[in-house]
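So you can see what is in the structure, the chains are spelled out below.
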Amino acid sequence: MTIAICPGSFDPVTNGHLDIIQRAAEIFDEVIVAVGHNPGKTPFFTVEERITLIKQVIREARLTNVRVDRFHGLQVEYARAQKARVIVKGLRALSDFEYEFQMALTNKKLAPDIETIFMMTANEYSFLSSSMVKEIVFFGGNPDGLVPPAVVTALQKKLEKRGKING
Ligand code: PNS
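A brief report on the enclosed structure follows.

Definitions and limits used
- Residues numbered from 1 in each chain as written.
- Predicted model: local features only at pLDDT ≥ 70, side-chain atom pairs only at ≥ 80, totals over all residues.
- Heavy atoms only, no water.
- Near = heavy atom within 4 Å.
- Polar contact = N/O pair within 3.5 Å; in protein donor to acceptor, adjacent residues only side chain to side chain.
- Areas by Shrake-Rupley, 256 points an atom, 1.4 Å probe, with all protein chains shown as cover.
- 1 Å grid on protein atoms, 1.4 Å probe; cavity = no way out; pocket = protein on both sides within 12 Å on 5 of 7 lines; lining within 4 Å.
- Sits in = over half its atoms within 2 Å of the grid points.
- Axes fitted to C-alpha atoms, helices over the stretch in contact; angles between N-to-C directions.
- Helix = DSSP H or I, 4+ residues; strand = E, 2+ residues; numbered from the N terminus.
- Parallel < 35°, antiparallel > 145°, perpendicular 65-115°, else oblique.
- Left-handed = near helix turned anticlockwise from the far one by under 90°.
- Contact = heavy atoms within 4.5 Å.
- Nonpolar A, V, L, I, M, F, W, Y, C, P; charged D, E, K, R; others polar.
- Pairing = 2+ DSSP bridges.
- Salt bridge = Lys/Arg side-chain N within 4 Å of Asp/Glu carboxyl O.
- Buried < 20%, exposed > 50% of the residue type's maximum accessible area, 1.4 Å probe, protein only.

Quick notes on the site of the ligand
Argument step 1. Neighbouring residues of the ligand: 15 residues in total, closest Ser9, Asn38, Lys41, Gly73 and Gln75.
Argument step 2. Separating an oxygen atom of the ligand from a side-chain N or O atom of Lys41 is a distance of 2.6 Å.
Argument step 3. In the complex, the protein chains occlude 80% of the 540 Å² of accessible area that the ligand would expose alone.
Argument step 4. Of all the cavities here, the one that holds the ligand is the largest pocket.

This is the structure in structure tokens:
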């Protein structure tokens with residue numbers, strides 16, 4: 001049984017993430033979507049909110065071999081604790097390469113027994129990022145087709161709460 005983890009901030013989960021998770025679920029016996037903290041980013045949604053959204057999206061996509069979890073510390077340590085041999089990451093054109101390459105090699109040094117596998121993002125999501133989605137909604141735009149409907153609702157609710165839609 002091969003277990004893979006898909007680590008990320010998922011702030012929030014996008015259709016690009018979902019595409020990678022779906023494709024990973026077709027290859028591996030079990031996929032764990034692992035929500036971590038990126039110290040370089042100020043999160044918009046709490047970890048709990050992100051997990052709730054991902055769980056809903058996974059349920060709606062009927063991905064029965066995917067579960068969602070949070071992790072603290074190093075992703076390779078988390079992978080080991082879960083008996084996962086593979087880390088799956090999505091790779092967008094150009095923008096991700098340097099960061100992901102550096103992270104994959106660092107992880108290989110820390111844990112030679114764990115393999116990082118990259119999947120090219122689907123063409124239609126190659127430009128997509130969680131930050132872009134947040135910006136669209138922040139300025140009152142419509143992110144339909146970029147994120148699952150549950151995420152659109154959650155983004156709008158959160159912004160309304162903060163009193164930031166359209167100014
Ligand atoms: O979606 P992101 O923001 O690229 O996700 C980054 C995340 C949280 C997956 C990454 O920062 C992470 O795993 N941090 C934990 C520390 C770690 O293992 N870093 C990689 C090797 S130094």
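The discussion continues.
Let's talk about the packing of helix H2 (residues 47-60) against helix H6 (residues 149-162)
Argument step 1. Where H2 meets H6, the axes come as close as 10 Å, and the angle between the chain directions of the two elements is 155°. In terms of orientation, H2 lies roughly antiparallel with respect to H6. The handedness of the crossing between H2 and H6 is right-handed. Only Ala150, Val151, Ala154 and Lys158 of H6 make contact with H2, whose side of the interface consists of Glu49, Leu53, Gln56 and Val57.
Argument step 2. Classifying every residue of the contact of H2 with H6 by side-chain character gives 5 nonpolar, 1 polar and 2 charged.

Overview of the sheet that holds strand E3 (residues 66-70)
Argument step 1. Taking strand neighbours across the sheet as the criterion, the 5 strands line up as E3-E2-E1-E4-E5 in an open arrangement whose pairing is parallel. The two strands at the open ends of the sheet, each matched to only one other strand, are E3 and strand E5 (115-120). Between one strand axis and the next, the sheet turns by 30° as a mean value, whatever way the strands run.
Argument step 2. Pairing analysis gives 6 bridges linking strand E4 (residues 86-91) to E5, with the strands arranged parallel. When the bridges of E5 are listed, Val86 appears paired with Glu115.
Argument step 3. Against the sheet, H2 touches strand E2 (30-35) and E3, its axis set at about 180° to E3.
Argument step 4. Of the strands in this sheet, E4 and E5 are in contact with helix H4 (residues 97-110), which crosses E4 at around 170°.

Points about the pattern of salt bridges
Argument step 1. What the rule picks out here adds up to 11 salt bridges.
Argument step 2. When the shortest N-O distance is used, the salt bridge between Arg23 and Asp19 registers 2.7 Å. Separated by 4 residues within a single helix, Arg23 and Asp19 lie in helix H1 (residues 15-27), roughly one turn from each other.
Argument step 3. On the basis of relative accessibility, which here comes to 28%, the residue Arg23 falls in the partly exposed class.
Argument step 4. A residue is classified by how much of its surface remains accessible, and Asp19, at 15% relative accessible area, is buried.
Argument step 5. Residue Arg92 is joined to Asp96 by a salt bridge in which the shortest nitrogen-to-oxygen separation is 2.7 Å.
Argument step 6. Here Arg92 falls in the partly exposed class, since its relative accessible area comes to 22%.
Argument step 7. Several salt bridges converge on common partners, so that one network encompasses Asp11, Arg50 and Lys134.

Observations regarding unusual backbone geometry
Argument step 1. Between Asp11 and Pro12 the backbone carries a cis peptide bond, its omega angle lying at 5°.
Argument step 2. Relative to the elements of secondary structure, Pro12 occurs in the loop between strand E1 (3-8) and H1.
Argument step 3. Of note in this structure, Phe10 is not a glycine but carries a positive phi near 50°.
Argument step 4. Looking at where Phe10 falls in the secondary structure, it is placed in the loop between E1 and H1.

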